[in-house]
Amino acid sequence: MKAEKFYSEGSHNWFIVYDQSEARVIDSNVYAVQIDESTLLCDPGGFEVFPQVFSALVDMVPPSSITAAFVSHQDPDIASSLPLWNACGADIVWHTSALWVGFIRHYGALEANIQGIADEGGEIVVGSGRLQLIPAHYLHSSGNFNLYDAAAKVLFSGDIGAALLPPGHQPFVERRNIDSPEAFDAHIKHAEFFHRRWMPSNTAKRAWCDRVSSLDIDFLCPQHGAIYTGKNVERFIEWFDGLEVGCASN
Amino acid sequence: MDTGILTEILAESLLATRQGLLQLESNPADPEALDACCRTFQTIIDSANALGAHSLLAWCRNLDGLVDGLRRSALPVDDVTIGILRRCIDFVEQMSETVARGNPPAPAPPELAESIQSLVRGLGEGASELLVGHMGALALDESAEGASARRDTIRVESSRLDRAMSQVGELVLLRNRLTAAVTAMSPGDENLVRLARETDLAVDDLQSTVMYLRMQPSRRLFQRLPQVVRDLSVQYGKRARLVLEGGDVEIDKVMIEALAEPLLALVRNALEHGLECPRERAAVGKTEIGEVRVTAEHLGDKVRIEVSDDGRGVDPQRVLSIVLARRVICQADAQRLNQEELLNLIFEEGARPSDEAGGIDRRGVGLARIRRVIQSLRGRVQIKSNSAAGACVSIELPVSLAVLPVLYFKLRRETYALPVSLVDNLIEVEPGHLHNVSGRAMVQIAPGSTVPYIDLGQRLHGVALRPGRDSCEGILTEHGLLVVSAAVGIEDSVVKPLDIAHRESWYQGATISGEGEVVLILDVPALVHSLRAGDAA
Amino acid sequence: MSHLSLEEMRSGFLGIADATFEFQRNLKRRLREIDRKALNAQVLVRRHGQELAGYGVVARSFRDGAQRLQQAAMQLQHAIHPLMLGFMETLRDSHQAEQLQRLSVAVRERAPQLNETLRRHQHMLEMRSDQSRHATLRLSHMLKRVEHIVTELEYVVINGRIEAALKTDVRTALTQVSADMNKAVIQVRQLLREYAASIGRVLP
């Protein structure tokens, strides 16, 4: 896997670890935000790919700086590496929906410090920064959150925006000719089935689109696929708003 | 020895001298005719010197005293003198013809030398004094001559040299690109790297050879000074001795041409305002004869020209009161300046005092204009004065304008350059060392040393660089600490003028970097000046 | 590596990752400083013309050396990568094996496939141990390279100080620049020593 810094302002940095080399499990991205000397992981990933994620990530941040992890929902591709991370840093504070705390302990590490997030959301402090926990329930999990960094204008959207891309993909949705929707249209084909099939609720989707449209977002970061930047963020929200979801028959 | 050239140059000079003598004869009181005559005699002496015609030179040196006597009006311009001068010219002509035929010239008829010497002997002590420095220079040239035995020369139109220089300039740019391209190939091909290094050295050599083709001795710059000193001494009722040193120091011909006026103005200032009249000097225990000294010396790739006098000096406080009255600077800023900096305000536009103020520089070329000329030659000028012991104006110039060594620096993603000659040091910018002193950003660069903090990010891009957060590096110059994203490297560049640049531009031109990028070259004095003007407003 | 428990190895490897990070960060700062000093020397040489040409060569070699060091340090980071990967794979596999080993012998005897799985795990661990040894060798090779470049830089500094001593006119300025370069190289040497020591504590 590769790691890349995609936002940097003084001691405030965002990283993406992407393009997983194990093809037998779903390709996932791991994000990390470092503010001052503290790092928070976003959806630290599955048990099997942990070695890849860890070794790519410590090219960018020292392991001792990792103090917290945000888990958008309970799926194994997102949180099954918990016991291994916990073995490497027993002080890591885990944040996930209060609904899933007892579930994700099943991955191992009964002693891990897991904080439940209330349904209405909240805030996580990282270094001198404050990150907002935005409710995104039923997209796709029943207890589901996004993480918004207002200073960096980064929205970590979990499974929303996910695309199933072939190996060797880029970390960004092609942005060289961002005024033209061509690259977005090509990309979103890889996202359509995922959203129709895994997202169960049109109501939840509409509420999310309304809420997120009011945020100032430069980077929309899904856990699978590639980052939407600039105009592609608006394009995605518009596309998602118009998409009929919750269909297993197609 | 190329006898053709010898004949050609001498024939020209001899013809001109003959014509000068004719004019002088019909109008003995005409200082211009006398001046012209002296100049052509000087050319004869110089050509003999340059061409290594030793016996001719030895003979010509007999004429030195004679010419000098005429210049100082110590010799009467009468039939006797003119007669002797004619015979001298006849003899020089004879000698040069002999040389042209490839034979060594015969010695001069003894009675001619005798009559010259008897004339010169009558002149008294002062005569040799005036040209002490000058003769020194000649003597030096002659010994160099002896070492290199016979030297061939050729006369070339200066436009051809200019063309050669500009072509070498292009070659320098290509060389830079080649070096950059080879460096970028990693791991490089050993042979190619060596080849690039050798090309590098060869181009350096070629460049300096062509550069030296355009050089002329500063003697040319000095040649009008004795006359001026003599005239002005009479005019102001002062007694002055002019000492010239370093006549053999070579400078680009463009500079010689551009410096003539400023140098004259500085010498005039020294005589008019620097030197006291004999009585005043005696009263303060100085010798009655004042000294004006003009020197040229090499300092690495620079030339320093100094005009100093042992007169009354310049009082910094008086300069201050004038610049304050004229609002060149405000009181608060002035308080931050030390004595030397105050003194140098004399070069500011508008600092020229009026006649009533008992002027420092009332006529001729103003000091501000002199500074502009010097800056346009990429040089700098400053004044030092030890009141009562005189003043010294010091001009530092690059030896050549052909190639400008620059320091490239980055401002975020963009590359800029500034002349290496301005850089005193490169230092790290410590956020803790920034201060605000009466509303102006300052930075402590060493214990007890605080200088203006000039954020080029703010000045050139409108977005400040934040030390400690953004990548920052300080370039220390005499104007303050220029803060940039990073200093990248140095390179010899060739300056291309900016067509679009308006008068107030902060850039002195552009160059093409080794990477093939067009890079603007910052005009730091212009930038600092406009900042100061902005602050004052 | 077998003399260390998994627990010890884990803290050791995390220590290496942290130390590498710290080393990289400090080295980057020092290299920037070295480069600045060398650039300073080049400026000084330019300002004094031909007489300092000899020192110009020193300054240039110093910059080249700093750049090579930067590259070598990057390769060092790349050498750390497989080491981390190898260890974390070991950690993952041991974690799985541990779960199975916790089962009582009686249970394991009744499920013969389990023993087979455990044997496979053991085999994998041995293979990974080989890979780790290989990665360790590579790392120590890279460290030697960095050391070699630092030695070269030290040699350049000595040359610079000799050159400086020979140039009477500008001796003070050059001596200052040479002393600065010397200081920067000593700091890099110190960094490298500390880093090598922290690695030596974990790797044989």
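Further up the page is the structure itself.
In this text the structure is predicted, and so the values were computed from the model without any measurement.

Procedures and definitions
Residues numbered from 1 in each chain as written. Chains lettered and ligands numbered in written order. Predicted model: local features only at pLDDT ≥ 70, side-chain atom pairs only at ≥ 80, totals over all residues. Heavy atoms only, no water. Helix = DSSP H or I, 4+ residues; strand = E, 2+ residues; numbered from the N terminus. Buried < 20%, exposed > 50% of the residue type's maximum accessible area, 1.4 Å probe, protein only. Contact = heavy atoms within 4.5 Å. Lys, Arg positive; Asp, Glu negative; His and termini not counted. Salt bridge = Lys/Arg side-chain N within 4 Å of Asp/Glu carboxyl O. Buried area = accessible area lost by both parts, 1.4 Å probe. Polar contact = N/O pair within 3.5 Å; in protein donor to acceptor, adjacent residues only side chain to side chain. Nonpolar A, V, L, I, M, F, W, Y, C, P; charged D, E, K, R; others polar. Pairing = 2+ DSSP bridges.

**Q** Explanation requested: the overall build of chain A in the structure shown.
**A** Along chain A, the regular secondary structure elements total seven helices and 13 strands. Here chain A holds 250 residues, and the buried ones make up 61% of them. Long-range contacts, defined here as pairs at least 24 residues apart, represent 67% of the contacts in chain A between residues at least 6 apart.

**Q** Looking at this model, I keep getting lost on the side chain of Lys253(B). Mind explaining?
**A** Within the element layout of this structure, Lys253(B) appears in helix H12 (residues 253-274). We note that Lys253(B) is buried and unpaired, the nearest opposite charge coming from Asp162(B) at a distance of 4.1 Å.

**Q** Teacher, can you tell me more about the interface of chain C and chain A here?
**A** Interface size is commonly expressed as the accessible area that is lost once the parts come together. Each partner contributes residues to the interface: chain C has 16 residues there, and chain A has 20 residues. Of the roughly 1700 Å² buried at the junction of chain C and chain A (both faces included), carbon and sulfur atoms supply 66%. Summed over the shared surface of chain C and chain A, the result is two salt bridges. A salt bridge links Glu48(A) to Arg92(C), with the nearest nitrogen and oxygen atoms 3.4 Å apart. Here chain C is connected to chain A by five residue pairs in polar contact (both at pLDDT 80 or more). Contributing elements (two or more residues each) for the side of chain C that touches chain A: helix H1 (6-48) and helix H2 (53-101) of chain C. Per element, the largest residue contribution to the side of chain C that touches chain A is ten residues, and it comes from H2(C). Partitioned by chemical class, the residues of the side of chain C that touches chain A number seven nonpolar, four polar and five charged.

**Q** It is not clear to me how the pairing of strand E11 (residues 154-158) of chain A should be interpreted in this structure. Could you clarify?
**A** Residues and elements named next belong to chain A. For E11, a buried count of five out of five residues is recorded, marking the element as mostly surrounded by other parts of the structure. Burial of the side chains of E11 extends over both faces: Val154, Phe156 and Gly158 are buried on one face and Leu155 and Ser157 on the other. Here strand E10 (residues 145-149) pairs with E11 via three bridges, running antiparallel. Residue Tyr148 lies in a different strand from E11, and its bridge partner there is Leu155.

**Q** Just checking my understanding: could you explain the interface of chain B and chain C for this structure?
**A** Contacts between chain B and chain C engage 24 residues on the former and 16 residues on the latter. Here chain B packs against chain C, burying approximately 1700 Å² in sum over the two surfaces, 43% of which is carbon and sulfur. Among the residues of chain B in contact with chain C, Asp301(B), Leu426(B) and Ile490(B) are the three that bury the most area, contributing 27% of the side total. The tally of links between chain B and chain C comes to four salt bridges. As a salt-bridge pair, Asp200(B) and Arg60(C) come within 3.4 Å of each other at their nearest N and O atoms. Where chain B meets chain C, there are eight residue pairs in polar contact (both at pLDDT 80 or more). Looking at the side of chain B that touches chain C, the elements with two or more residues in it are helix H9 (190-213), strand E8 (404-411), strand E10 (425-427) and strand E16 (486-493) of chain B. Sorting elements by how many residues they give to the side of chain B that touches chain C places E16(B) first, with six residues. Here the residues of the side of chain B that touches chain C are counted per class, giving eleven nonpolar, five polar and eight charged.

**Q** How should the pairing of strand E5 (residues 302-309) of chain B be read in this particular structure?
**A** Along any regular strand the residues' side chains alternate between the sheet's two faces. All names here are of chain B. Among the eight residues that make up E5, seven are buried, leaving the element largely enclosed by the rest of the structure. Here eight bridges tie strand E4 (residues 290-299) to E5, and the two strands are oriented antiparallel to one another. Following the sheet pairing, Val294 is matched in E5 by Val307. Sheet topology places E5 next to strand E7 (residues 390-398); eight bridges connect them, and they run antiparallel. Note on E7: the bridge partner recorded for Asp309 is Ala391.

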